[in-house]
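Descriptive analysis of the structure
Below are the chains, spelled out letter by letter.
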Amino acid sequence: MFTLLNHPLITHKLAIMRDEKTGTKDFSQQLDEIAGLMAYEISRDLPLKEKDVKTPMGICHTYELAKEVVLVPILRAGMGMVSGIRNLIPTAKVGFIGMYRNEETLEPVEYFAKFPKNLDEAVVMVLDPMLATGGSASAALTKIKERGAKQIKLVCLVGAPEGVKRIQEDHPDVDIYLAALDEKLNEIGYIVPGLGDAGDRIFGTK
Ligand code: PRP
Ligand code: URA
């Protein structure tokens, strides 16, 4: 399933992030806020289980989340989405996968992986602001599935058609969420118009 999350606040904040004049602080803040807004939409189908709560007036037959949520940011840029989502889902556990693109081949190189236990029972949200060729996300999803994850949502900000196609082909069972689907990739694999290098813009490197 592929979902484009259209919301005026997301569009407004993403426009700020796209602006080349936006500095590290504002860029990170907007990313965090968009991640929270996306999480609100994405969590609509989280399963619930029954629960009785004693209120000051009596017993309320209500519900609580039935499954653990695990966030897996793809390092580095995915880190910029974690706190915005954890503000909404404070019980979410966090795993990490380190991945960078070889700048010549555009192939992903994995350099770190650490996950919480019981991924097989959790709803796993894989986070990365950019879905370009889809190579990094596809490799991360393969790794996470090897560790047992079954219910996976890939949450990205900006995607290229090439990246969406790659994930749909490699991982048809994974739900893809984007805040914007851009036009294309350029000759060096960057999304156009995109927002540039997300990791560099979040962390002020270059
Ligand atoms: C960026 C981005 C994705 C990847 C997307 O990371 O955060 O992980 O590129 O490109 P792809 O879809 O073609 O694989 P990058 O490799 O620049 O590493 P960084 O986050 O450490 O800057
Ligand atoms: N990685 C980024 O950070 N930006 C792009 O446009 C493509 C890959």
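Higher on the page you've got the structure.
So, a few notes on the structure that sits alongside this text. (Residues numbered from 1 in each chain as written. Chains lettered and ligands numbered in written order. Predicted model: local features only at pLDDT ≥ 70, side-chain atom pairs only at ≥ 80, totals over all residues. Heavy atoms only, no water.)

**A few points about the site of ligand 1**
Looking at ligand 1, there are 16 residues lining it, with Arg101, Asp128, Thr133, Gly134 and Ser136 nearest. Arg76 places a side-chain nitrogen or oxygen 2.8 Å from an oxygen atom of ligand 1. One of the side-chain N or O atoms of Thr133 is found 2.5 Å from an oxygen atom in ligand 1. Notes on ligand 1: free accessible area 500 Å², of which the protein chains cover 90%. (Near = heavy atom within 4 Å. Polar contact = N/O pair within 3.5 Å; in protein donor to acceptor, adjacent residues only side chain to side chain. Areas by Shrake-Rupley, 256 points an atom, 1.4 Å probe, with all protein chains shown as cover.)

**Looking at unusual backbone geometry**
Arg76 follows Leu75 through a cis peptide bond whose omega is 0°. Of note, the bond from Val192 into Pro193 is cis; its omega dihedral lies within 30 degrees of zero at 0°. On the secondary structure map, Pro193 appears in the loop between strand S13 (191-192) and helix H6 (198-203). Within the chain, Leu106 stands out as a residue other than glycine whose phi angle is a positive 65°. In this fold, Leu106 is placed in the loop between strand S6 (96-101) and strand S7 (108-114). Phi at Asn118 is positive, roughly 60°, even though this residue is not glycine. Relative to the helices and strands, Asn118 is located in the loop between S7 and strand S8 (123-127). (Helix = DSSP H or I, 4+ residues; strand = E, 2+ residues; numbered from the N terminus.)

**Here we look at the packing of aromatic side chains**
One pass over the full model with this rule turns up 1 aromatic pair. Centroid distance Tyr100 to Tyr111: 6.0 Å. Interplanar angle 35°. Geometry classified as tilted. Within this pair, whereas Tyr100 is found in strand S6, its partner Tyr111 is found in strand S7, the two being separated by 11 residues in sequence. Given a relative accessible area of 44%, Tyr100 falls into the partly exposed group. On the accessibility criterion, Tyr111 (44% relative accessible area) is partly exposed. Sitting above the plane of the Tyr190 ring, Arg101 keeps its charged end 5.4 Å from the centroid. (Phe/Tyr/Trp six-rings, centres within 6.5 Å; stacked < 30°, edge-to-face > 60°. Buried < 20%, exposed > 50% of the residue type's maximum accessible area, 1.4 Å probe, protein only. Lys NZ or Arg CZ within 6 Å of the ring centre and 35° of its normal.)

**Remarks on the nonpolar core**
Counting 37 residues, the largest nonpolar core has Leu14, Met38 and Leu157 as its most contacted members. Within the residue set of this core, elements represented by two or more residues are helix H1 (8-18), helix H2 (24-42), strand S4 (69-75), helix H3 (82-88), S8, strand S10 (151-159), strand S11 (175-181) and H6. Sort the elements by how many residues they give to this core and H2 lands first, with 7 residues. Residues contacting Leu157, with those up to four places away along its chain left out, are Leu14, Met17, Leu31, Ile34, Met38, Met81, Asp128, Pro129, Leu178, Ala179 and Ala180. (Core = buried A, V, L, I, M, F, W, Y, C linked by side-chain atoms within 4.5 Å. Contact = heavy atoms within 4.5 Å.)

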